[in-house]
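# Residue-level structure breakdown
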Amino acid sequence: PSHRNNSHRILLGRCAIGGCHSLNSERAELVLAPGHAYDSIVNKPSFLNPVLDRIEPGDAASSWLVIMIEDDDDARLHYSRMPLGGQPLTPNQIATIVNWVENGALRN
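Everything numeric in this text was worked out from a predicted model, so none of it was measured. (Residues numbered from 1 in each chain as written. Predicted model: local features only at pLDDT ≥ 70, side-chain atom pairs only at ≥ 80, totals over all residues. Heavy atoms only, no water.)

### Topic: the nonpolar core
- Grouped together as the largest cluster of nonpolar side chains are 22 residues, with contacts concentrated most on Leu-32, Ile-41, Ile-55, Ile-97 and Trp-100.
- Among the secondary structure elements, those contributing two or more residues to this core are helix 1 (3-16), helix 2 (37-41), helix 3 (64-69) and helix 4 (91-102).
- Per-element tally for this core: the top contributor is helix 4, with five residues.
- Not counting chain neighbours up to four residues away, the residues in contact with Ile-97 comprise Ser-7, Ile-10, Leu-11, Leu-65, Val-66, Ile-69 and Leu-89. (Core = buried A, V, L, I, M, F, W, Y, C linked by side-chain atoms within 4.5 Å. Buried < 20%, exposed > 50% of the residue type's maximum accessible area, 1.4 Å probe, protein only. Helix = DSSP H or I, 4+ residues; strand = E, 2+ residues; numbered from the N terminus. Contact = heavy atoms within 4.5 Å.)

What follows is the structure, encoded as structure tokens:
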């Protein structure tokens, strides 16, 4: 199965459509809209923690986007867990994104 397709649906539905990471708002200079998400996150330094890339292919533990959706306040440097103002992603949604990253974050 394609982890990317499912990851893309999660990021679009929970992060872009809500308005935070759309083309109109670009919060934290991050756009997760169709046609923009991949280039906006893979191998791109994080706005909040530029030491880490948003997505480091093959390394979910060092990917800032993954850290920001997980429940570890210290790892997030005490920034609010994403998605902001909404329910956290489910464990299955997080696992889908982690699997996509661990499998190389392919553009497929």
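### Overview of the side chain of Asn-49
- By the element assignment, Asn-49 lies in the loop between helix 2 and helix 3.
- What makes Asn-49 buried here is its relative accessible area of 13%.
- If we skip the residues at most four places from it in the chain, Asn-49 touches Trp-64 and Leu-77.

By themselves, these observations are geometric and do not establish any function.
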